[in-house]
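These are the residues of each chain, in order.
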Amino acid sequence: QVQLVESGGGLVQPGGSLRLSCVASGSLFSIVGMGWYRQAPGKQRELVAHITVGGSTTVAGSVKGRFTISRDSPKNTVYLQMNSLKPEDTAVYYCYTQGAQGVGSTFGQGTQVTVSS
């Protein structure tokens, strides 16, 4: 099994920055990618960013140029650097792992990000 622990959420003013962290532990041999989803109240879940074990990254158009996903492989940690935050970025952010053939795929418990003045 894979366990994920997220941290770094909080309240920030518009234009501010936050960095989310996600530490993975457990049986990670089948993991082929990690990333972040977010879900705002009353809205559908949105894929925010993804990074493969090879280091290739994808970010949603809504956050391109503002959010960056990165990883520290020895620490089994993925980061989401969020800059120039907007009120519409307010959501619960969930870290996830993508496992080969679904093995090891899981979600974290979520961390709240609130952008408000």
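Just so we're clear, the structure is a prediction, and the values are computed from it rather than from any experiment.

As for the overall build of the protein chain
Then, number 1: Looking only at helices and strands, the protein chain has zero helices and eleven strands in total.
Then, number 2: Scanning the protein chain from its N terminus toward the C terminus, one meets helices and strands in the order β-β-β-β-β-β-β-β-β-β-β.
Then, number 3: The C-alpha radius of gyration of the protein chain comes to 14 Å, within 12% of the 13 Å expected for a compact globule of 117 residues.
Then, number 4: Once the C-alpha set of the protein chain is aligned to its principal axes, its extents read approximately 45 × 25 × 20 Å.

Examining the layout of surface pockets
Then, number 1: If you add up the space inside the largest pocket, you get close to 210 Å³.
Then, number 2: Surrounding the largest pocket, 14 residues form its lining, Met34, Val53, Arg71, Ser73 and Asn76 being those nearest its centre.
Then, number 3: At the level of elements, β4 (31-39), β5 (46-52), β7 (67-72) and β8 (77-82) are the ones that each hand at least two residues to the lining of the largest pocket.
Then, number 4: For the lining of the largest pocket, the element with the most residues is β4, which contributes three residues.
Then, number 5: The class makeup of the residues in the lining of the largest pocket is seven nonpolar, five polar and two charged.

A few points about the sheet that holds β8
Then, number 1: Pairing is antiparallel in the open sheet, where four strands are placed in the order β1-β3-β8-β7. Of all strands in the sheet, those bounded by a partner on one side alone are β1 (2-7) and β7. Strand-to-strand twist of the sheet, defined as the mean angle between neighbouring strand axes without regard to direction, takes the value 20 degrees.
Then, number 2: Pairing analysis gives six bridges linking strand β3 (residues 18-26) to β8, with the strands arranged antiparallel. Following the sheet pairing, Leu20 is matched in β8 by Leu80.

Looking at the state of the cysteines
Then, number 1: The tally for this structure, following the rule as stated, stands at one disulfide.
Then, number 2: Disulfide partner of Cys22: Cys95, at an S-S distance of 2.0 Å. What sets the handedness of the Cys22 and Cys95 disulfide is the S-S torsion sign, and at about -80 degrees it is left-handed. Placement of the pair is Cys22 in strand β3 and Cys95 in strand β9 (residues 91-99), with a sequence separation of 73 residues. By the burial criterion, Cys22 is buried, and Cys95 matches it.

A closer look at the pairing of β3
Note on strand geometry: in a regular strand, side chains alternate between the two faces of the sheet.
Then, number 1: Taken together, the six bridges between β1 and β3 define a ladder with antiparallel strand orientation. Residue pairing in the sheet places Ser7 in a bridge with Ser21 of β3.

With respect to unusual backbone geometry
Trans peptide bonds make up most of the peptide bonds, and negative phi angles are found at most residues other than glycine.
Then, number 1: Of note in this structure, Asn76 is not a glycine but carries a positive phi near 50 degrees.
Then, number 2: Tracing the sequence through the fold places Asn76 in the loop between β7 and β8.
Then, number 3: Note on Asn76: relative accessible area 34%, which makes it partly exposed.
Then, number 4: The phi dihedral of Gln101 falls on the positive side, at around 55 degrees, and the residue is not glycine.

Thresholds, definitions, all that
Residues numbered from 1 in each chain as written. Predicted model: local features only at pLDDT ≥ 70, side-chain atom pairs only at ≥ 80, totals over all residues. Heavy atoms only, no water. Helix = DSSP H or I, 4+ residues; strand = E, 2+ residues; numbered from the N terminus. Rg over C-alpha atoms; globule rule 2.2 N^0.38 Å. 1 Å grid on protein atoms, 1.4 Å probe; cavity = no way out; pocket = protein on both sides within 12 Å on 5 of 7 lines; lining within 4 Å. Points joined across faces, edges and corners; volume = space filled by probe spheres on them. Nonpolar A, V, L, I, M, F, W, Y, C, P; charged D, E, K, R; others polar. Pairing = 2+ DSSP bridges. Axes fitted to C-alpha atoms, helices over the stretch in contact; angles between N-to-C directions. Disulfide = S-S within 2.5 Å. Buried < 20%, exposed > 50% of the residue type's maximum accessible area, 1.4 Å probe, protein only.

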